[in-house]
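# Observations on the three-dimensional arrangement
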Amino acid sequence: MNSQAITSHKPSSAFVGASWAALLLGIAAFLVGLWNAVMQLNEKGFYFAVLVLGLYSAISLQKTVRDKLEGVAVTGIYYGISWVALIIAVLLLGAGLFNATLQLSEKGFYAMAFALALFGAIAVQKNTRDSLSADDGAAERKRGKSERSGPALVVTDPAKPADVPEQVANNR
């Protein structure tokens, strides 16, 4: 396990909402821009595929970085592939926008919508992971607290005759 102490706090609902808003706004802006763009269908498909690759690779990279931080085994090849996929998505978008016959403002719009969508995807993944970790930690603390409080009261069903001989045997 990593030597760093890892504490997980449940994210605030405001941050969770802002993260989801960033993700949905980034994706929606990018897609509305593609819908309204005057370009061939194959070019629109290219930009859509780059968006999907970027979102997937950003989420995958965030998960592997977090796994490594928490001491979860992550293979070097998967960690490397996650970085390479994200870099490829950003480079493909950059090359596509550089060579596109769009106005500079349109190119900036696509770049910013892409960046917002990636940020939102990473933040939503982080919030999901933090919420699960905080819930697991709370359940573990609750379990530990009940174990420290002494023996638990065991309620038996008196209608079960199989328990009686076992209890009598233990009392001898």
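Note that the coordinates shown come from a computational prediction; the quantities given were computed from them, not determined experimentally.

Calculation criteria
Residues numbered from 1 in each chain as written. Predicted model: local features only at pLDDT ≥ 70, side-chain atom pairs only at ≥ 80, totals over all residues. Heavy atoms only, no water. pLDDT = per-residue confidence, 0-100. Helix = DSSP H or I, 4+ residues; strand = E, 2+ residues; numbered from the N terminus. Expected span 1.5 Å × (residues − 1). Phe/Tyr/Trp six-rings, centres within 6.5 Å; stacked < 30°, edge-to-face > 60°. Buried < 20%, exposed > 50% of the residue type's maximum accessible area, 1.4 Å probe, protein only. Lys NZ or Arg CZ within 6 Å of the ring centre and 35° of its normal.

## Overview of the confidence of the model for the protein chain
Of all residues in the protein chain, 74% have pLDDT values of 70 or greater, and the mean over the chain is 84. Mean pLDDT values over the elements of the protein chain span from 52, in helix H5 (residues 163-171), up to 96, in helix H3 (residues 76-99).

## Considerations on helix H2 (residues 41-69)
Helix length check: H2, at 29 residues, gives a terminal C-alpha distance of 42 Å against a target of 42 Å (1.5 Å per residue), a fit within 8%. Gly-71 lies just past H2 and shows a positive phi near 85 degrees.

## Some words on the packing of aromatic side chains
Counting across every chain of the model gives 5 aromatic pairs. Here Phe-30 and Tyr-110 contribute two aromatic rings whose centre-to-centre distance is 5.5 Å and whose plane-to-plane angle is 75 degrees, an arrangement assigned as edge-to-face. Here Phe-30 is found in helix H1 (residues 13-36), whereas its partner Tyr-110 is found in helix H4 (residues 104-148), with 80 residues between them in sequence. Note on Tyr-110: relative accessible area 3%, which makes it buried. With 6.0 Å between their ring centres and 5 degrees between their planes, Tyr-47 and Tyr-110 make a pair best called stacked. Taken together, the residues span a long stretch of sequence, with Tyr-47 in helix H2 and Tyr-110 in helix H4 at a distance of 63 residues. Here Tyr-47 falls in the buried class, since its relative accessible area comes to 2%. One Lys or Arg, Lys-68, reaches over the ring of Tyr-79 and ends 4.0 Å from the middle of that ring.

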